[in-house]
Amino acid sequence: METLLYAAELVQEDGTYKLVVQDLVRGTVQVTPVPKSAVDKLPTFLSVLSSKLGSAPARGRW
């Protein structure tokens, strides 16, 4: 059985980016500004992380 612990969204608003992370266990939300350079590198970062951890291919929640 899966238990969702965190939910994250990357939001763009008025040319700025912010990462919104919801802790579903504690019921808290954290919002952090993210520079565009980090947003641009996100796919590469996720690919490297996945390969290092030996994770299964990414899947979406719909």
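As the structure is a computational prediction, the values presented were derived from the model and not from experiment.

Spanning 18 residues, helix 1 (residues 36-53) covers 26 Å between terminal C-alpha atoms, matching the ideal 26 Å at 1.5 Å per step. Of all the bends found along helix 1, the most pronounced is centred on Leu42 and spans about 45°, while Pro43, a proline, follows it within four residues. Note on helix 1: the residue one or two positions beyond its end, Gly54, has a positive phi of about 65°.

Once that is clear, we can look at the pattern of salt bridges. Using the criterion set out here, one finds 3 salt bridges in the structure. A salt bridge links Lys18 to Glu13; its shortest N-O distance comes to 3.4 Å. Assessed through its relative accessible area of 29%, Lys18 is described here as partly exposed. In this structure Glu13 comes out as partly exposed when scored by relative accessible area, which is 42%. Asp23 is paired through a salt bridge with Arg26; the nearest N and O atoms lie 2.8 Å apart.

A cluster of nonpolar side chains, namely Leu10, Leu19, Leu42, Phe45, Leu46, Leu49 and Leu53, defines an oily patch on the protein surface of about 610 Å² accessible area. Sorting elements by how many residues they give to the nonpolar patch places helix 1 first, with 5 residues. Structurally, the position occupied by Phe45 is in helix 1.

Basis of the calculations
Here the residue index of a chain counts from 1 through its sequence in written order. Reporting in this predicted model follows two pLDDT cut-offs: at least 70 for local features of residues, and 80 or more for side-chain atom pairs to be given and counted; totals over whole chains, interfaces and linings ignore these cut-offs and use all residues. With hydrogens and water set aside, each side-chain value is computed from the structure's full complement of heavy atoms. A run of H or I in DSSP counts as a helix once it spans at least four residues, and a run of E counts as a strand once it spans at least two, with each numbered from the N terminus. Here a helix's expected span is defined as the number of its residues, less one, multiplied by 1.5 Å. Working definition for bend: take the seven residues up to and ending at a residue and the seven starting at it, fit an axis to each, and measure the angle between the axes. Any carboxyl oxygen of Asp or Glu that lies within 4 Å of a side-chain nitrogen of Lys or Arg is treated as forming a salt bridge with it. Only protein chains enter the area calculation, which uses a 1.4 Å probe; residues under 20% of their type maximum are buried, those over 50% are exposed, and those in between are partly exposed. Patch building starts from residues that exceed 30% relative accessible area and form no salt bridge, then joins like charges within 9 Å and nonpolar side chains (Val, Leu, Ile, Met, Phe, Trp, Tyr) within 5 Å. The Shrake-Rupley method, run with a 1.4 Å probe, gives the accessible areas here. Residue values count only the displayed protein chains as cover.

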